[in-house]
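A closer look at the structure
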Amino acid sequence: MLAWSAPTIPHIPGNAPILEIHNTSSGSLVDTAPAEAANAPASMYVCGITPYDATHMGHAATYVAFDLMQRTWRDAGRSVNYVQNVTDIDDPLLERAAATGVDWVELAQQQTDLFRADMEALNVIPPQEYIGAVESISWLVPLVEELVAKELAYTVPGENGEPDGDVYFDSIAAANSAWELGTVSGYDRETMLGFFAERGGDPKRPGKRDELDPLLWRVAREGEPRWDGATLGAGRPGWHIECSVIARRFLPAPFTVQGGGSDLIFPHHEFSAGHAAALDGKALAEAYVHTGMVGLDGEKMSKSLGNLVLVSKLRAAGVEPVAIRTVLLGQHYRSDWFWTDELLTEAQNRVERWRKRLDGTTLAEATAVITRIRSKLANDLNAPAALAVLDAFSAQEPAEHDDSNGAGGALLADALDALLGLKLV
Ligand code: ZN
């Protein structure tokens with residue numbers, strides 16, 4: 001699948017510190033570049049959208065946060081292998097298509113196009129591999145067959161006249177030295193059961209060996225889209241195996257960072273890691289990094305409440321994408337927060353103040369601001385602190401003489417673009 005166009009990223013002189021990032025799995029800050037790997041490529045997989053309701057502010061906050069991670073690595077001289085999926089076949093997509101009378105393929109294409117345009121506008125560096133779930137089916141089927149052959153997956157009988165043969169992952173039998181239930185999330189069983197039921201799992205499905213076992217392959221029902229599943233029978237894949245297989249196909253084992261919103265910690269990232277480890281005995285990623293949830297004016301943002309803030313709507317209303325990106329960077333990526341109109345207005349004002357202060361910036365000032373921004377970002381991507389550095393600088397009167405003929409302002413503008421993705425000029 002095509003991603004979107006890559007922005008040109010200016011090269012900024014000097015050395016960035018090594019990024020330390022909060023790992024959900026260990027609950028602590030981890031160094032993302034151990035000494036022996038300091039110049040090795042970093043690798044990142046960020047779970048993509050299910051293409052309906054794109055691109056709401058929660059999506060935008062997540063992809064901008066991981067974009068910041070990528071920019072921080074690049075600034076430290078590392079190359080980055082980045083992979084993202086699009087869940088272009090899954091229950092929520094089919095349900096939305098049915099509810100709105102739109103063909104599911106058309107809905108997915110339309111929403112993926114909108115997402116690409118929004119990402120490009122927000123100056124997000126695209127993944128090298130942008131892979132649809134549908135594209136991954138032929139890679140995934142043999143791996144599910146392998147799990148069945150290893151007795152780490154099993155089929156269950158159909159109920160209420162539905163066909164036999166849905167395939168589930170045996171999460172207890174699959175435990176090994178690289179993964180067991182809780183390795184990624186650290187949750188206790190009760191918490192896992194709560195999230196499993198809330199986030200698309202089916203704990204009460206008869207025939208399952210454990211309530212938490214997730215679906216690997218759903219055999220075709222009347223009227224549902226289906227693909228060739230070889231010995232599994234025609235059907236479609238579960239969600240966790242999709243990401244597991246795509247990540248393993250394009251990235252090292254383990255890769256550096258698995259990312260997504262905090263609502264993906266369990267069951268999605270737990271089982272993506274479980275499936276991969278069951279197949280090859282290796283951890284999926286070195287660190288699991290999660291972004292907070294974004295609400296609106298004190299409420300959860302959801303389609304059912306009709307309060308989704310969409311990037312495309314703001315753009316259509318004439319809001320500059322750099323102001324939207326400023327709102328997003330003004331919140332620490334791990335915190336839960338609420339979008340408000342006041343935040344947007346404040347961001348628009350900040351952008352104006354920063355722009356004005358570029359004029360008359362000396363080279364010495366630009367270099368000092370860049371050093372401070374780099375150190376804030378290296379500490380768990382503290383973008384709000386980086387923006388505060390910029391605010392403090394912008395509040396200072398320009399020097400009487402800019403002896404750099406504008407080179408200081410140009411360097412600072414390039415650095416804000418390269419490090420924070422803020423294109424001010
Ligand atoms: Zn995923």
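Located above this text is the structure these notes cover.
Our subject in this report is the structure included herewith. Please read all numbers here as calculations on a predicted model, not as lab measurements.

Regarding the overall build of the chain
The helix and strand inventory of the chain stands at 13 helices and 14 strands. For a compact globule of 425 residues, the expected C-alpha radius of gyration is about 22 Å, and the chain comes in at 23 Å, within 12% of that figure. Referenced to the eigenvectors of the C-alpha coordinate spread, the extents of the chain come out at roughly 80 × 50 × 35 Å. When burial is assessed residue by residue, the chain has 55% of its 425 residues classed as buried. Considering only intrachain contacts with a sequence separation of at least 6, the fraction spanning at least 24 residues in the chain is 77%. A total accessible area of about 17,600 Å² is found for the chain, and carbon and sulfur atoms account for 51% of it. Separation between the mean location of the 34 positive side-chain charges and that of the 59 negative ones in the chain comes to 2 Å.

A word on the coordination of the zinc ion
Octahedral six-donor coordination of a metal ideally yields angles of 90 or 180 degrees, compared with 109.5 degrees for tetrahedral four-donor coordination. Ligation of the zinc ion by protein atoms is provided by Cys47 (SG), Cys243 (SG) and His268 (NE2), these donors lying 2.0 to 2.1 Å from the ion. Taken in sequence order, the residues that donate to the zinc ion follow the motif C-x195-C-x24-H. Of this pair, Cys243 sits in helix H6 (residues 239-250) while His268 sits in helix H7 (residues 265-280), and the two are 25 residues apart along the sequence. You'll find Cys243 and His268 in the same group, each marked buried.

Brief notes about the pattern of salt bridges
Within this structure, the stated rule accounts for 25 salt bridges. A salt bridge links Lys150 to Glu146, with the nearest nitrogen and oxygen atoms 3.6 Å apart. Classification of Glu146 by relative accessible area gives partly exposed; the value is 31%. For Arg357, the salt bridge identified is with Glu365, shortest N-O distance 3.3 Å. Exposure remark for Arg357: the relative accessible area of 4% places this residue in the buried category.

Focus: the sheet that holds strand S9 (residues 235-237)
The strand order across the open sheet built from 4 strands is S6-S7-S8-S9, with neighbouring strands paired in antiparallel fashion. In the strand order of this sheet, the two ends are held by strand S6 (153-156) and S9, each with one partner. If you compare each strand with its neighbour and ignore which way they point, the axes differ by 20 degrees on average.

Examining the sheet that holds strand S12 (residues 294-296)
The strand order across the open sheet built from 3 strands is S13-S12-S14, with neighbouring strands paired in mixed fashion. With one partner strand each, in any of the chains shown, strand S13 (299-300) and strand S14 (337-339) form the two edges of the open sheet. Of the pairings in the sheet, the one linking S12 to S13 comprises 2 bridges and is antiparallel in character. For Gly295, the partnering residue across the bridge sits in S13 and is Lys300.

Some details on unusual backbone geometry
Pro254 follows Ala253 through a cis peptide bond whose omega is -5 degrees. Tracing the chain through its elements places Pro254 in the loop between H6 and strand S10 (255-261). Cis peptide bonds are those with omega within 30 degrees of zero, and the linkage from Phe266 to Pro267 qualifies with 5 degrees. Assignment of secondary structure puts Pro267 in helix H7. The backbone of Asp53 sits at a positive phi, close to 55 degrees, despite the residue not being glycine. Tracing the chain through its elements places Asp53 in the loop between strand S3 (42-46) and helix H1 (57-75). Of the residues examined, Asp53 reaches a relative accessible area of 14% and is grouped as buried. With a phi close to 45 degrees, Asp297 is a non-glycine residue in the positive phi region. By the element assignment, Asp297 lies in the loop between S12 and S13. Exposure remark for Asp297: the relative accessible area of 52% places this residue in the exposed category.

Here's the deal with the nonpolar core
Across soluble globular proteins, nonpolar side chains have a tendency to be buried as a group. Judged by nonpolar contacts, the single largest core of 73 residues is most densely connected at Met57, Met69, Ile324, Trp339, Ile373 and Leu420. Residues in contact with Met57, not counting those within four places in the same chain, are Val294, Met301, Val309, Val311, Leu314, Ile324, Leu328 and Trp339. By size, the runner-up hydrophobic cluster in this structure holds 43 residues, among which are Cys47, Ala153, Leu284 and Ala285.

Digging into the side chain of Thr55
Here Thr55 is to be found in the loop between S3 and H1. Reaching out from Thr55, the side chain makes a polar contact with the side chain of Asp118 at a distance of 2.7 Å. Apart from the residues lying within four places of it in its own chain, the contact partners of Thr55 are Ala60, Leu114, Phe115, Asp118, Met119, Val309, Leu310 and Val311.

How each quantity is defined
Residues numbered from 1 in each chain as written. Predicted model: local features only at pLDDT ≥ 70, side-chain atom pairs only at ≥ 80, totals over all residues. Heavy atoms only, no water. Helix = DSSP H or I, 4+ residues; strand = E, 2+ residues; numbered from the N terminus. Rg over C-alpha atoms; globule rule 2.2 N^0.38 Å. Buried < 20%, exposed > 50% of the residue type's maximum accessible area, 1.4 Å probe, protein only. Contact = heavy atoms within 4.5 Å. Areas by Shrake-Rupley, 256 points an atom, 1.4 Å probe, with all protein chains shown as cover. Lys, Arg positive; Asp, Glu negative; His and termini not counted. Charge placed at Lys NZ, Arg CZ, Asp CG, Glu CD. Donors = N, O, S within 2.8 Å, 3.2 Å for Na, K, Ca; no water. Salt bridge = Lys/Arg side-chain N within 4 Å of Asp/Glu carboxyl O. Pairing = 2+ DSSP bridges. Axes fitted to C-alpha atoms, helices over the stretch in contact; angles between N-to-C directions. Core = buried A, V, L, I, M, F, W, Y, C linked by side-chain atoms within 4.5 Å. Polar contact = N/O pair within 3.5 Å; in protein donor to acceptor, adjacent residues only side chain to side chain.

Treat this as a map of the structure, not an account of what it does.
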